[in-house]
Structure formats: structure tokens, C-alpha cells
Amino acid sequence: MSLVTLRALGLTLGAPLFTGLDLAIQKGDRIGLVAANGRGKSTLLKVIAGLLPPSDGAITATRGTRIALMQQEPTPEQQALPLRAMLAGALPPETREWEDWRVDVALDALAVPADLRDRPLGALSGGWQRMAMLAAATLAEPDLLLLDEPTNHLDLARIGTLERFIVDLPRETAILVASHDRAFLDGVTNRTLFLRSTGSAVYAAPYGAARASLDTADEAAARRYETDLKQGAKLRRQAAKLHNLGVNSGSDLLTVKTKQLRERAERIESAAKPAHLEESAGRIRLDERGSEAKVLIAFDDLVVATPDGRLLFETGRRWIRPGERIVLLAPNGAGKSRFLDSVIRALRGEAVRGVRTNPSLVAGVVDQQLSHLGADETLQGAVVSRFPVGDQRARALLAGAGFPVERHGDRVSVLSGGQRARLAMLILRLEKPGFHVLDEPTNHLDIEVRRCSRPN
Ligand SMILES: Nc1ncnc2c1ncn2[C@@H]1O[C@H](COP(=O)(O)OP(=O)(O)OP(=O)(O)O)[C@@H](O)[C@H]1O
Ligand SMILES: [Mg+2]
């Protein structure tokens, strides 16, 4: 028997996100949930976790099934709690008092250093936050574990840890995981659900193989649709000929035949279904202004340390020149964000010891939390309040970035993770910076846009 069954499930938030979704989740299933940004993956996970009611259809679960959800971002309540307290809160209530030792076991399994364990979640690096949220979700000993983009913010080594962690979970634990990370999906899943507004598709294969089957099915559906329409048109042509013959000869038989042909054409045409057209969630482009300067930023033994003064690393003497594309690679918690923070402060004109920036430099910054986007501003407001572009142009720019006109008045807070990242990238492009600072820019972005966005 299935653990959880979705029957004709549908959800409308403004527009219909998905309809008629049928899925039976069995013990031990490892299902990848795939769709472009803003298509309703996070929303579906919340519906299954019981945090949101569906608009249509039903979810049934076998009695006693425990479901835990790791959300795409920590909630403000989670961020404020010290790590241990957050994890203790995730233990099943009936065992919380005498099983709190399991909190440390879980933290050990994910190799969380002792000095981080009493800090509020919000004070940890993005990677540690993900690991802690994963530990919290598994402490609830769920039968079904729902994971929303678990590899966001994780370095390569930690994605390996996460994969092993998932493989080591009890075999009967079912997992439904939303992700844009193809390699991760291929590594841990054995079924794939492609979420679509109508006609979502499920395959008994990991992402790569499932994607190939889906493409083949879509192509076959497109061919079938074309053949059906051609067949309908042919019948109508024959009907028209017979009609003329019938009128000229006054034959009742031909009139009946004509009617039958038209009815057949109608039946074929109304049953013909257009193939699914995968609409892109919008393209991302970056733009940059050239610079005459020889050196954009000079580092002179910049010291990067933790907020309480522990040395993380020193830069030595280094320079960044126009046209350079530099990748910053280091394990989680090594100080990448702290380092970028010093660079950003210097770019904003603050005196930072060890960093000199060229005064003519215009910098465009996208941080990990996309913190320059206010939650209360509207999409339209986010553009017109920053750039002298006028309402019409702002609408065109937003539409080009994948936001339909009817959404331009929506507040930033209701956007999906990927939609927020897309808006941040549009603002970055309009700033036309001479220097881009991007902290983990592919977090939240969907498979299509990760592949095709290359700097010009
Ligand atoms: N409270 C709300 N009111 C109106 N629309 C909402 C609300 N919450 C979410 N939405 C919209 O529902 C859609 C689906 O959002 P969801 O977060 O489920 O997408 P997603 O598939 O998880 O995307 P991503 O890949 O970017 O994480 C988005 O267009 C989002 O803006
Ligand atoms: Mg999401």
C-alpha cells in the first residue's frame, strides 16, 4: 500500500499552478521533483506536508505516516533559534525529553563543529544552515522526507556528504526532493515527477533517463497532434466535395454521408491535444560597462576572520584587472562570504584595511540572501525605484525576465526562490556594473537558465 497518495490534486495561487496531479508514493521511493522556476514545486511540497490546503483533489496517507519537510529557506523562527534548540524542537514530541542526545548524534553525523552548535541558525553560513535543517527534518524520523532544493548553498564536498547521508537513511524512508541539480538527482533518485500545469508526468527513472523519455513522449504527442489535425482537415475537404455533389444530385444518401464525415472530423479535432510546450521561466542576461583602469581592486594582505576574531585566511598581495572572471572556491564556512563582505564594503566606499578599489568602479552585488530586495516592494516598484526607466520600459524589462504583466504588482515576498533570484539578476543587469560580485548565483535557478546563462 502507498504511504501517501495524491488524487487529481490541483492548486491555484492567482493562476493554476498544477491540476489533476496523481501520484502514489511508496515506501523507499526516491522521487525527484523537477520544473522551471515558479512552477509550484515548493508549494506542492508544502501541500503534501499539510502546511497549505489544495484547491482541488485529495491527499491520503496511511495511518501514522510521519512527514517532514525541509523548506527552501529557513523560516525567521528557525533563524532566531540556537541550533541545538531548533533540532530538539524537531524530535517527535513524545520522545523529546529523554531522547535529546539524538540531537548531538545528528550533528556529529553531519560533522557540525562544536562551537557552532549553540549559535542561532541565522548566524551560520548558508551551507551549515542547510545541513542543520536537514538534520532537523531527519530527527523527526519521517516515513516521507520532503526536501526543497537541498544542495543550494552546499560546496561540492558537502553535496557528497548529503548524497551519502540520503543513501544511508533507512531503506524504507521515502523521499521527494525538488532540485535543479542534475548530477545530484541522478545520484539519489529512482523516480522523477515533472510538474506541469496540466499533464504532469512520472517516470520510474532518475532525472537524465526520465528527461530523455519525457522528450520522446512530447515529440510523439506533437506528431500525433499534427496527424490528427491533418486527418480532420482531410475529412472536412471530403465532406465539402460530397456536399457539392449532394446539392447537385439531390441525393439524401450523400447528405447523410456529408454529415457523418463532418462529425468524424469534429470528434478527431476536439480530441486532439496539443503537445506540452515547455515555456521558459525567462532568460537571464548580464551587462557590463568597460573600464579604462589597469587595476580594479588591489588586495594588500587583507585579513579575513570570523566575527569573533578567529583568523580564516589572508589574501597576500593580489590584483583584479578588467575582464577577469574569477571563481572563489573553498569549503563551506572557510570565509568566502566574509571575504566578499570586505570587498563589498570597500566597493561601497568604506575604508577596509587591505583592500583598495578604483574610485571610478561601479559594482553590482548579488549576495546569497538577495538582501537588497525588500520583501514589501512590488516587482514594478523594485525596478522603477532604482532606475530612471519609466513604467512602460519597466514592464517590458520585467516581461523579458519572465514575469507576466499581471504579476508586476505582486510583492517580492510571494515570489519563489528562483523568481527572486531572477529579479535580482535583472536589477544587476540594469546597474550595468564594471565589476560583478556574485555569491553563489546559481542557487535557486532552474536547469534551463543554469545551462544557457553565460556572461557576454
Ligand atoms: N502567497 C502567494 N500568493 C500568490 N502567489 C504565490 C504565493 N506563494 C507563491 N506564489 C506563486 O506561486 C508560484 C509557485 O511558487 P513556488 O515557490 O512553489 O515555485 P517553485 O517551483 O518552488 O520555484 P523555484 O524553482 O523558484 O523554487 C510562483 O509564481 C509564486 O510567485
Ligand atoms: Mg521552490
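Structure's up top.
Residues numbered from 1 in each chain as written. Chains lettered and ligands numbered in written order. Predicted model: local features only at pLDDT ≥ 70, side-chain atom pairs only at ≥ 80, totals over all residues. Heavy atoms only, no water.

*Asks:* Explanation requested: the sheet that holds strand β6 (residues 144-148) in the structure shown.
*Replies:* To summarise the sheet geometry, strands pair through backbone hydrogen bonds and adopt either a parallel or an antiparallel arrangement. The six strands lie next to each other as β5-β6-β7-β3-β8-β9, forming an open sheet whose pairing is mixed. Of all strands in the sheet, those bounded by a partner on one side alone are β5 (67-70) and β9 (201-203). Within the sheet, the average angular offset between the axes of one strand and its neighbour, ignoring direction, is 15°. Strand direction decides the pairing type here: strand β8 (residues 191-194) and β9, joined by three bridges, are antiparallel. Bridged to Phe194 within β9 is Ala201. The strands touched by helix α1 (residues 41-48) within the sheet are β3 (30-34), β5, β6, β7 (174-178) and β8, with β6 carrying the most contacts at an inclination of about 155°. (Pairing = 2+ DSSP bridges. Helix = DSSP H or I, 4+ residues; strand = E, 2+ residues; numbered from the N terminus. Axes fitted to C-alpha atoms, helices over the stretch in contact; angles between N-to-C directions. Contact = heavy atoms within 4.5 Å.)

*Asks:* What exactly am I supposed to notice about the sheet that holds strand β1 (residues 4-13) here?
*Replies:* One open sheet holds the three strands; their spatial order is β2-β1-β4, and the pairing between them is antiparallel. At either margin of the open sheet sits one strand with a lone partner, and together these are β2 (15-25) and β4 (56-61). The mean angle between the axes of side-by-side strands here comes to 20°, regardless of whether they run parallel or antiparallel. Note: β1 against β4, five bridges, orientation antiparallel.

*Asks:* Just to check I follow, could you spell out unusual backbone geometry for this structure?
*Replies:* With the exception of glycine, most residues fall at negative phi, and the peptide bonds are largely trans. In this structure, Ala8 takes a positive phi of about 45° despite not being glycine. Topologically, Ala8 is positioned in strand β1. Here Ala8 falls in the partly exposed class, since its relative accessible area comes to 40%. Within the chain, Glu141 stands out as a residue other than glycine whose phi angle is a positive 45°. Structurally, Glu141 can be placed in the loop between α5 (126-139) and β6. (Buried < 20%, exposed > 50% of the residue type's maximum accessible area, 1.4 Å probe, protein only.)

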